[in-house]
Amino acid sequence: MIVDDEPSILELAQRHLENMGYSNITACLGGQIALEQYQASTNPFDIIISDLNMPEMNGVEFLRHISEADYSGGIILLSAEDERILEVAKDLAKARNLNVLGYVSKPFKRKSLEPLITGYTPHFSVTDNTSDSLLDEITEEELRAGINGDELLVAFQAKTAIATDKVIGVEALARWNHSERGVLPPLTFISLAERCQLIDALTYSIYRKTLSQMRDWLDKDIILEVSVNVSVNSFTSDGFVDFLINTAEEYNVNPEMIILEVTESQLMDNMLECLEKLIQLRMKNFGLSIDDFGTGHSNMTQLKQAPFTELKIDRAFVNGASEDATARSIFESSVNLAKKLHMTTVAEGVETREDMTLVKELGCDQIQGFYKAKPMFADEFEEYIQSVSKA
Ligand code: C2E
Ligand code: MG
Ligand code: MG
């Protein structure tokens, strides 16, 4: 799909693509039309090439919509703006889990477009292995049945201390073992759960399963901190905070070993409403973490106000940051900010040796990423932890 508000650019792009041997091309005059085409299409697009600056719906807005629709193909940005804007737009798109192959400045030439396209093989990772079944949207009833029918599972991803290279904790990540669609990643159901008031039930299920697993590990002398994702609106639900506290007691797990993660973007829109609950949890010694940091818009004052103990830097500013000046500087200033506020820093999405080197250099405390370990179910995780503690 090519999206641009100038017919001449559309024509040019189409010609380049045809000369490169591609035939199945959808050209859209502007973001609004592109979105309609996207929604109407039953076949997924492999690559979307989009202009940024368009009237009505601009490229950034268009990308937000397709990321909300869980688009998992490649994206190429196109713009006449300067490179810095392209860089920032690219970071933003990455932060929204879009797979950005690169950008091309206008007026563009075939030779700048071609390597981006030919270097790309549409890949279907854990997060998009369900793309076919996703064509039928998941319904509220289906999700409710899934949660009530105990179909949720927990995957665990290691958090490793940089100074000692030891696994010190895990993040619990929800999976849905759907009876017909297979194992689904959270991207496909968390926002639905939030929209239809099923998120508390979901968190109850994940939290309980996680603590039960933790109890089992503690009994086997596997001692790990555990991080659980919590949707910010849950804090103000009746009984939610008591549930967190009482369940920890029930499983005899010290809240000092439990970290509650809240995404930065949700937090900043709801800080005042949930501050009291956050303080209450902190007084019980729960750890509190700001997740996906860098994608929201928090300021120093807000961060100082809230009793957070950990800051997780979003993978958009970690993975590939050694070659990306903008991402690197956001990463670096986030680490410095966290240090000033005495928070532990965790770099998410460390995938390569280069990422690892940079994370060490910038003085981050912990890493979580494919470079060390992917999310695994409990049995496999236990084998992993045994293999690394022997090494
Ligand atoms: P998150 O909390 O930021 O979790 C980290 C996500 O990054 C996980 O995706 C993990 O698999 C992925 N990841 C970790 N290392 C790497 C890496 O090196 N490279 C790449 N490309 N990705 C990496 P996952 O499991 O798909 O979860 C996505 C998001 O869904 C989570 O992001 C979290 O916001 C949400 N989520 C997961 N479980 C729950 C839950 O129980 N409750 C709520 N409210 N949200 C959840
Ligand atoms: Mg998280
Ligand atoms: Mg995160």
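Residues numbered from 1 in each chain as written. Chains lettered and ligands numbered in written order. Predicted model: local features only at pLDDT ≥ 70, side-chain atom pairs only at ≥ 80, totals over all residues. Heavy atoms only, no water.

(A) Region of the structure containing the nonpolar core. Residues Tyr207, Phe235, Leu260, Leu267, Phe331 and Phe381 are the most contacted members of the largest nonpolar core, which totals 86 residues. Each residue touching Phe235, except ones within four places of it in the same chain, is listed here: Val230, Phe240, Val241, Leu260, Val262, Cys274, Lys277, Leu278 and Leu281. If you look at the next biggest cluster of nonpolar residues, it comprises 22 residues, including Met1, Leu35, Phe45 and Met57. (Core = buried A, V, L, I, M, F, W, Y, C linked by side-chain atoms within 4.5 Å. Buried < 20%, exposed > 50% of the residue type's maximum accessible area, 1.4 Å probe, protein only. Contact = heavy atoms within 4.5 Å.)

(B) Focus on the coordination of the magnesium ion (ligand 3). Coordination sphere of the magnesium ion (ligand 3), protein contribution only: Asp291 (OD), Asp292 (OD), Glu348 (OE) and Glu348 (OE), at 2.0 to 2.4 Å. Along the chain, the residues donating to the magnesium ion (ligand 3) fall in the pattern D-D-x55-E. Between the magnesium ion (ligand 3) and the magnesium ion (ligand 2) the interatomic distance amounts to 4.3 Å, and Asp291 serves as a bridging ligand to the pair. Separated by 57 residues along the polypeptide, Asp291 in strand E11 (residues 287-293) and Glu348 in strand E13 (residues 344-348) bring together distant segments of the chain. We note that Asp291, like Glu348, is buried. (Donors = N, O, S within 2.8 Å, 3.2 Å for Na, K, Ca; no water. Helix = DSSP H or I, 4+ residues; strand = E, 2+ residues; numbered from the N terminus.)

(C) Region of the structure containing the coordination of the magnesium ion (ligand 2). The magnesium ion (ligand 2) binds to the protein through Glu171 (OE), Asn229 (OD1), Glu261 (OE) and Asp291 (OD); the donor distances cover 2.0 to 2.2 Å. All donors of the magnesium ion (ligand 2) come from a single chain, and their spacing in sequence reads E-x57-N-x31-E-x29-D. By relative accessible area, which is 5% here, Asp291 ends up buried.

(D) Structural view of unusual backbone geometry. One non-glycine residue, Glu56, lies in positive phi territory at about 60 degrees. By the secondary structure assignment, Glu56 is in the loop between strand E3 (47-51) and helix H3 (59-68). By relative accessible area, which is 78% here, Glu56 ends up exposed. Despite not being glycine, Gln197 shows a phi value in the positive range, around 55 degrees. The topology assignment puts Gln197 in the loop between helix H7 (190-195) and helix H8 (199-219).

(E) Spotlight on the confidence of the model for the chain. With 96% of its residues at a pLDDT of at least 70, the chain reaches an overall mean of 90. Confidence drops under a pLDDT of 50 for residues 124-135, and excluding neighbours within four residues, the segment shows 15 contacts in the predicted structure. (pLDDT = per-residue confidence, 0-100.)

(F) View of helix H5 (residues 110-118). Turning to H5, its buried residues number three or more, namely Leu113, Leu116 and Ile117. Along H5, the residues classed as buried sweep out an arc of 95 degrees about the axis, all on the same side. Opposite its buried face, H5 presents the exposed residues Lys111 and Thr118, each directed more than 90 degrees away. Its buried side turned inward, H5 meets helix H1 (7-19), E3, strand E4 (74-79) and strand E5 (99-105). (Arc of directions from axis to C-beta.)

(G) Structural detail: the domain arrangement of the chain. Taken domain by domain, the chain consists of domain 1 (2-118) and domain 2 (132-390). Using C-alpha coordinates to define each centre, domain 1 is positioned 32 Å away from domain 2. Counting residues at the interface gives 10 residues for domain 1, matched by 12 residues for domain 2. Taken together, the two surfaces of domain 1 and domain 2 that pack against each other cover about 910 Å², and 46% of this comes from carbon and sulfur. Summed over the three residues of domain 1 that lose the most area to domain 2, namely Asp70, Asp91 and Lys94, the buried surface amounts to 46% of that side. Counting across the interface, domain 1 meets domain 2 through one salt bridge. The closest approach of N and O atoms between Asp324 and Lys90, which form a salt bridge, is 3.6 Å. (Domains from an automatic or database assignment. Buried area = accessible area lost by both parts, 1.4 Å probe. Salt bridge = Lys/Arg side-chain N within 4 Å of Asp/Glu carboxyl O.)

(H) View of the site of ligand 1. For ligand 1, the set of nearby residues contains 24 residues, the closest of which are Glu171, Arg175, Asp291, Glu351 and Phe370. Note that an oxygen atom of ligand 1 is positioned 2.8 Å from one of the side-chain N or O atoms of Asp291. The protein chains hide 87% of the 800 Å² of surface that ligand 1 would expose on its own. Looking at the shell around ligand 1, the elements that each hand over two or more residues are strand E7 (167-178), H8 and E11. The leading source of residues in the shell around ligand 1 is E7, at four residues. Here the shell around ligand 1 is built from residues that sort into 10 nonpolar, six polar and eight charged. (Near = heavy atom within 4 Å. Polar contact = N/O pair within 3.5 Å; in protein donor to acceptor, adjacent residues only side chain to side chain. Areas by Shrake-Rupley, 256 points an atom, 1.4 Å probe, with all protein chains shown as cover. Nonpolar A, V, L, I, M, F, W, Y, C, P; charged D, E, K, R; others polar.)

(I) Region of the structure containing the pairing of E5. Across six bridges, the pairing between E4 and E5 is parallel. Bridge assignment links Ser79 to a residue of E5, and that residue is Ser105. Note on the crossover from E4 through helix H4 (residues 83-95) to E5: the handedness is right-handed. (Pairing = 2+ DSSP bridges. Right-handed = clockwise from strand over helix to strand, strands pointing away.)

(J) Region of the structure containing the pattern of salt bridges. Enumeration according to the criterion identifies 17 salt bridges in this entry. Between Asp216 and Lys220 there is a salt bridge whose closest N-O contact spans 3.4 Å. Overall, Asp216 belongs to the partly exposed group, its relative accessible area being 31%. When salt bridges with common partners are traced through the structure, they connect Glu87, Lys90 and Asp324 into a single cluster.

(K) Focus on the environment of Asn252. Relative to the helices and strands, Asn252 is located in the loop between helix H9 (240-250) and strand E10 (258-263). When its relative accessible area of 58% is taken as the criterion, Asn252 is described as exposed. Separated by 184 residues in the primary sequence, Asn252 and Glu68 place their C-alpha atoms 39 Å from one another.

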